[in-house]
Each structure stands twice: as C-alpha cells, then as structure tokens.
Amino acid sequence: MCSSDLYIDLGFRQIDREVRWLSDCLAEVLEGLGEASLARWLPWRDGKEPGGDSHAGDVPARLGLAYAMAFQLLNTVEEHASESMRRLREGAEGPEAERGLWGDALASLRDAGASPADVLRVMAGVEVEPVFTAHPTEAKRSSVLEQHRELMRLLHASFGGMDASSTPAPSMRADVVALLERLWRTGEILLQKPTVADERRNVLNYLRDVLPGTVPALDRRLQAAWERAGFPSGALDDPGAFPRLRFGTWVGGDRDGHPGVTAEVTGETIERLRANALVVMHRQLTALAEKLPLAEWIQSPPAALAALIQRSHDALGEAAAAIVQMHPGEPWRQAAELLAARLPVDVQPGLLARVHDSPGRIASPRELDAELAILESSLVDAGAARLARHDVRPVRRVLDTFGFHLARLDVRQNSAFHDRALKQLLMASGTDASQWEEWTEPERLRLLEREIRSPRPFLHPVASAGPEADAVVSTFRVLAGHLQRHGPDGLGSLIVSMTRR
C-alpha cells in the first residue's frame, strides 16, 4: 500500500471511530432528556441501525433537528481527521509531503534552482486578503460556533495520538456529553433571518477571537519549512521578509439590494471593527506582559526601555505609577502593560470596549509598532534575542495584520442605484438630466470630468435630492469622516456591481 493510500485508510478509520463515539454520546444526551425514541434513529451508532424496529409512521417529531446535529458532528470529525492525517504525514515524511503548503512550495522552488534571495524578494511583495461576506447558509449563532470550537478541542484531547483500540477517558466523555446537551438545548441555527448586526457579530467572532492566534502559527510553519528546505535560517529575522496578511469584510458595507445596510450601519460597523481591533491588541499586549517578568537584577534594562516607560508615565500619570508598583523590578513587563494601558480603548471583561482618543494615548498602529520595536531591541540588547523573536515579534505581526481596524470594509452598491443617485444630484443642481439614461458614454464622461474639476458642490449638506442620492452621499460622508480621523487603513474597495460600460 502506497503512503497516500495508507493515510486515506487511517483517516477513514479515524472518522468511523470518532463519529460512532460521538453518536453514542448524543444518544446518551437524548435518552437522558426522555427522547429515547429519537436516540434510536441516530445514525452511526455501534451495532445499531437507525430506527431499530420502528416504522415510518413512528418517526419522532424532532428527527430533522437530531439529524442536522448528527451531520454537523460528522463534519467536525472529518475536519479533525483531515488535520490529524496531515500532522501524521508531515511528522513521518516532512512538511514537504503535503501538496500546496509551505514545505512543498519551498522544496519545489529550491529544486527548481531558486536562490533564497529570489524567494525572499517575491515573498516580501506578496499580500493576501481573504474577505468575509455574509451568507444565508451561515446562520449559526456565535455562541454555537464557540461550542463547536470547544468540541474540536475535546476531540484533540480525547483522540489525539491514540491507537484505534483506545477509548477516551470517562472525564472526557462527560465533558463531551455536557457540551452536546448544551448544543441540543441551544439550537443550531437562528429561527429568524439574521440581521446585519447578527452577521457582524459572527464575523467579529472570527476576526477577534480566532484569527489573531493563527498569524503567528502560520509564521512558525513558514520558518520551519524554510529551514527544512535548507535555506539560511537568519534570512527570516526581518519581519518584512514574511508575506503580508490582511482581512476584509463586506458585512455592514454591502448594500447591493440590502435595505438594512444604511450609512449609519456602515459607520457603526467601522467603529465596531476599530474597537475590536483595539481589543485584539490589548489582549496581545497583556499576554506579552505575562511572558516578560524578567528581573532587572539578572539583566540590566537598556536606556531605550527606560525612556519607553517614562513616555508612558508622562502619558498616563498616576495610572502608570500603579502599574509599575504592581510589578517592581520587572521593567519589560511594566513596559508591555503600560503599552496596553496607552491604547485608545477601555477594555473590561464582559463589557463592550469603549474607544476614546484621549491625549497621550497611542494614536496609530505605526506609533505602537515603533514602541514594540524598542521593546524588542531592548531584549536583544539584554542578551534575550530568543525572547525578542519568540514573544515580541508575533505581537508585531498581529499588529501588522489587524492594525487598529481589524479588517478593511468594502462598500458595494449596484450601478443602477448609482445611476438614479447621480440623476437626482444633477437635477438638484439645476442640470437638465431628465434623459440621463439615454445619454451616450462620451456625453456622460464630459459631464463627469467637468464636475470633478468644479469646486462647487452638487448639493447643500442638509438638502435632499432624492432617496438614492441621499443614501449614496451619506455613505460617502461616513467614509470621508473616517479618512479624516483615522486615515485609509480600515477602508477597502468601493465596488459598483453590475456595471455595463
């Protein structure tokens, strides 16, 4: 049997073992809730056929819900098995064994004669931006998504590294049974059509709570694959050598046929993205502080670190003194906690973060990165270069990815909507545009070019030209306001869909 067939066979065995175990756990939940007849219909149970001796007329009322949950469990098991087989294959044959991943790509480039300098030059120019869209098939509540992530963690703990004859410990089974009961009582999906706020919460759940942890993990995989390919390890010491990762979203900005996405919703979405980006960085800096309780009597803090702490004192006053007093003799920890306190956000557990741009607070990602660069270099100067790379560098990479905006918000509207808006604006400005739809392309271009050069506005700021014009102009004003206050970082593309020429 070739290696690929071996891993396919092992993967299917793992799927069969785990899905049978989970199905029995779900049956235990249903039986405990007085739904024994429903439990008999569950698929993939050890030694039991779905339905047993039941007849078609005996189908329980909630069978659809039970099967939806059972197939969700199957999806989770398949993802777990796929990840397990990839890890197993990479451990046995090296990271280049998996097609399409860093190990395979770098080995192929090396074999093709590419030099490390060639690869670094190309990687430094790569930028990848996955974009989140709202989709009606993703109607799960964020609380349910959290439970599914916990289930994946429990599968790792229960079956990771075990042979096929082993069974999870009773305590693990108890945790899984409790989680499945929680899911059953919660319900998998929303019963009403998700609102824009629901969709936004869903996206924020991934952007804030899941993805920040993947960025350092991706970098570690690239570093391991780079060294495995025989390329010089020090070449990736420069953070700029890594490809850049960004995220985008349409949720709250895509108004093409969506009456719920107004200028107010777009403005609120930009603010929520900014607030949650600052929460991400607050978490990163707080966690960094926990990793840096380095005692000054073992290594002397450089002058640059003392200057960073002093700047924080000047910005925060008594609050800075309280932080320093909490961690006497630990200047690197003090510096990280002071940077967290200087972010323009108040973060309290269980409460919505409150953004404020008070004097002395860090105003931009660039300012924060400059301070983190000082913190990193101070560790290098103190002889702790490994900690600088392992602890501070990942925080800078997360900052580079998410900034103070989390994701770029794309704004989309239909071209026919824009046509009506422009016609209304032209009419309000005194231009005869009653036949706008019949104008030729050159006629439209001449008008638009002339108006772009004109300093006069089409419309008074408080006047109304029509519903489409008001919607478009108010949206542009929201975007212009963000540009003026925070710059372009949080704004993605302006998309005009269904353009014809």
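Residues numbered from 1 in each chain as written. Predicted model: local features only at pLDDT ≥ 70, side-chain atom pairs only at ≥ 80, totals over all residues. Heavy atoms only, no water.

### A closer look at the sheet that holds strand E7 (residues 408-414)
So, point 1. Across the sheet, which stays open at both edges, the four strands sit in the order E2-E4-E7-E8 with parallel pairing between neighbours. Only two strands of the sheet have a single neighbouring strand rather than two, namely strand E2 (131-132) and strand E8 (491-497).
So, point 2. Across two bridges, strand E4 (residues 248-249) lies against E7 in parallel orientation. Counterpart to Thr249 in the pairing with E7 is Leu409. (Pairing = 2+ DSSP bridges. Helix = DSSP H or I, 4+ residues; strand = E, 2+ residues; numbered from the N terminus.)

### A short note on the side chain of Thr269
So, point 1. Residue placement: Thr269 occurs in helix H10 (residues 263-291).
So, point 2. Owing to a relative accessible area of 1%, Thr269 belongs among the buried residues under this scheme.
So, point 3. Once residues lying within four places of it in the same chain are set aside, the contact partners of Thr269 are Arg200, Val251, Gly252 and Leu409. (Buried < 20%, exposed > 50% of the residue type's maximum accessible area, 1.4 Å probe, protein only. Contact = heavy atoms within 4.5 Å.)

### A short note on the nonpolar core
So, point 1. Counting 54 residues, the largest nonpolar core has Met281, Leu285, Leu288, Leu368, Leu372 and Leu375 as its most contacted members.
So, point 2. If you list the elements that add at least two residues to this core, you get helix H8 (196-209), H10, helix H11 (303-316), helix H12 (318-326), helix H13 (331-342), helix H14 (365-381), helix H15 (385-402) and E7.
So, point 3. Element by element, the count of residues in this core is highest for H10, at 10 residues.
So, point 4. Judged by nonpolar contacts, the second largest core, of 31 residues, contains Leu22, Cys25, Leu30 and Leu154. (Core = buried A, V, L, I, M, F, W, Y, C linked by side-chain atoms within 4.5 Å.)

### Side note on the packing of helix H16 (residues 415-428) against helix H18 (residues 467-486)
So, point 1. Where H16 meets H18, the closest approach of the two axes is 7 Å, and the angle between their N-to-C directions is 100°. It follows from the interaxial angle that H16 and H18 lie roughly perpendicular. Side by side, H16 and H18 meet where Phe417, His418, Arg420, Ala421, Gln424 and Leu425 of the first sit next to Pro467, Glu468, Ala469, Ala471, Val472, Val473 and Phe476 of the second.
So, point 2. Tallied by class, the residues present in the contact of H16 with H18 amount to nine nonpolar, two polar and two charged. (Axes fitted to C-alpha atoms, helices over the stretch in contact; angles between N-to-C directions. Parallel < 35°, antiparallel > 145°, perpendicular 65-115°, else oblique. Nonpolar A, V, L, I, M, F, W, Y, C, P; charged D, E, K, R; others polar.)

### Quick notes on the pattern of salt bridges
So, point 1. One pass over the structure, following the stated rule, counts 42 salt bridges.
So, point 2. In this structure, Asp198 engages Arg201 in a salt bridge whose closest nitrogen and oxygen atoms are separated by 2.4 Å. With a gap of three residues between them, Asp198 and Arg201 both fall in helix H8, about one helical turn apart.
So, point 3. The exposure class of Asp198 is partly exposed, given its relative accessible area of 22%.
So, point 4. For Arg201, a relative accessible area of 46% puts it in the partly exposed group.
So, point 5. Here Glu330 makes a salt bridge to Arg333, at a shortest N to O gap of 3.7 Å.
So, point 6. Taking relative accessible area as the criterion, Glu330 reaches 19% and is therefore assigned buried.
So, point 7. The network of salt bridges with common partners includes Glu290, Glu330, Arg333 and Glu337. (Salt bridge = Lys/Arg side-chain N within 4 Å of Asp/Glu carboxyl O.)

Just distances and angles here, no functional claims.
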